[in-house]
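Fold and contact review
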Amino acid sequence: MTESIGPASSFVRPELPPADAYSRLVAYGRSHYPSAIWGNLPPIDVAADVVDAERWLRSEIADPRVTGVYLGFDTLNEEDGDGHNVEVGFTSDADPKSTDLGWIRKLSYGRKHLIRGIYELHSEYKVDFDELEGDDVELEQLEDLTIELDLLFYEMYGAIILMAAIQSVAPQESALFVWGMHDGDVRPLCRRSPMGFERIVAG
């Protein structure tokens, strides 16, 4: 995540209802990245996104031996709503008490998932820059805005949804969950154990 997005903990908070966290995220984006896009965002079903993600995670990390879970966001394979925008990898070699993430290089992967709210938001602002013509400065500004919106909606909204889903998945053994863009940094998100749930997202 880039510093321009602001502290992740402002949005990714287990005590904050996901719909409220999303509203706070949009308010942050509206104030920091002025654009006509904010008036065109579609209504999204936050509760349905959480339920769908919970069902997906339940099926993919049912093995109680799993101690490390990687959740990676993907902006390129949504395929008009028939593809995916988040993948899951897991291992039994992670130490859930440690934030050493060396284990993410040796993962088994499960089925990929589409967080529909992200797809619907992305559909409103994605741009094919190869087909655009215009002033280089304007195009650069539009590209910068697109990058910031990807970070807001994929990393932040995605983390809001996934953290809510993880809390609802019945704990088995301890496990560390990490998240990030598929081609970027990976960060610890939360830790789940039979004793409870702990948010460890930085910021």
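Nothing here was measured: the structure is a model prediction, and the numbers come from that model. (Residues numbered from 1 in each chain as written. Predicted model: local features only at pLDDT ≥ 70, side-chain atom pairs only at ≥ 80, totals over all residues. Heavy atoms only, no water.)

For the rest of this paragraph, the subject is the overall build of the protein. Counting its secondary structure elements, the protein contains four helices and six strands. Ordered by position from N to C terminus, the α and β elements of the protein give α-α-β-β-β-α-α-β-β-β. Across the 203 residues that make up the protein, the buried fraction comes to 48%. Residue pairs in contact within the protein that sit at least 24 positions apart in sequence constitute 68% of those at least 6 positions apart. Approximately 10,200 Å² of the protein is accessible, and the part contributed by carbon and sulfur atoms is 47%. (Helix = DSSP H or I, 4+ residues; strand = E, 2+ residues; numbered from the N terminus. Buried < 20%, exposed > 50% of the residue type's maximum accessible area, 1.4 Å probe, protein only. Contact = heavy atoms within 4.5 Å. Areas by Shrake-Rupley, 256 points an atom, 1.4 Å probe, with all protein chains shown as cover.)

In this section: the environment of P17. Looking at where P17 falls in the secondary structure, it is placed in the segment before α1 (18–32). Spatially, the C-alpha atoms of P17 and I161 are 10.0 Å apart, while their sequence positions differ by 144 residues.

As paired strands, strand β5 (residues 186–193) and strand β6 (residues 196–199) are joined by four bridges and run antiparallel to one another. Residue R191 lies in a different strand from β6, and its bridge partner there is E198. A loop of two residues connects β5 with β6, the two strands running antiparallel in sequence. (Pairing = 2+ DSSP bridges.)

On to the sheet that holds β5, then. The strands making up a sheet associate through hydrogen bonds between their backbones, and the pairing can be parallel or antiparallel. Taken in spatial order, the six strands line up as β3-β2-β1-β4-β5-β6 in an open sheet, and their pairing is mixed. Of all the strands in the sheet, just β3 (108–109) and β6 have a single pairing partner and so form its edges. Taken strand by strand, helix α2 (residues 46–60) contacts β1 (68–73) and β2 (86–91), and its axis lies near 30 degrees from that of β2. (Axes fitted to C-alpha atoms, helices over the stretch in contact; angles between N-to-C directions.)

What follows concerns the confidence of the model for the protein. Atomic detail in the predicted coordinates should be set aside for any region of low pLDDT. For the protein, the mean per-residue pLDDT works out to 84, and 84% of the residues sit at or above 70. When pLDDT is averaged over each helix and strand of the protein, the minimum, 82, is found for helix α4 (residues 136–168) and the maximum, 96, for α2. Considering only residues more than four positions removed or in separate chains, one finds that residues 1–5, a stretch of pLDDT under 50, has 17 contacts. (pLDDT = per-residue confidence, 0-100.)

What follows is about the pairing of strand β4 (residues 175–181). A large share of β4 lies buried, amounting to seven of its seven residues. Sheet topology note: the β1/β4 ladder contains six bridges and is parallel. Residue pairing for β4: Y70 is matched across the bridge by V178. As paired strands, β4 and β5 are joined by six bridges and run antiparallel to one another.

Relative to the elements of secondary structure, L16 occurs in the segment before α1. For L16, a relative accessible area of 14% translates into the label buried. Along the sequence, L16 and A164 sit 148 residues apart, while their C-alpha atoms lie 9.4 Å from each other. Excluding residues within four positions of it along the chain, L16 makes contact with S10, F11, A21 and R24.

So, on to the pattern of salt bridges. Close approach of charged atoms allows side chains of opposite charge to pair. A complete count under the given rule lists six salt bridges for this structure. Among the salt bridges present, the one from D63 reaches R65, with a minimum N-O distance of 2.8 Å. Note on R65: relative accessible area 61%, which makes it exposed. The salt bridge partner of D185 is R187, with a shortest N-O separation of 3.2 Å. Residue classification places D185 among the partly exposed residues on the basis of a relative accessible area of 46%. (Salt bridge = Lys/Arg side-chain N within 4 Å of Asp/Glu carboxyl O.)

This brings us to α2. For α2, with 15 residues, the first-to-last C-alpha span of 21 Å sits near the 21 Å given by 1.5 Å per residue. Within the sequence span of α2, burial applies to V46, D49, V50, A53, E54, W56, L57 and E60. (Expected span 1.5 Å × (residues − 1).)

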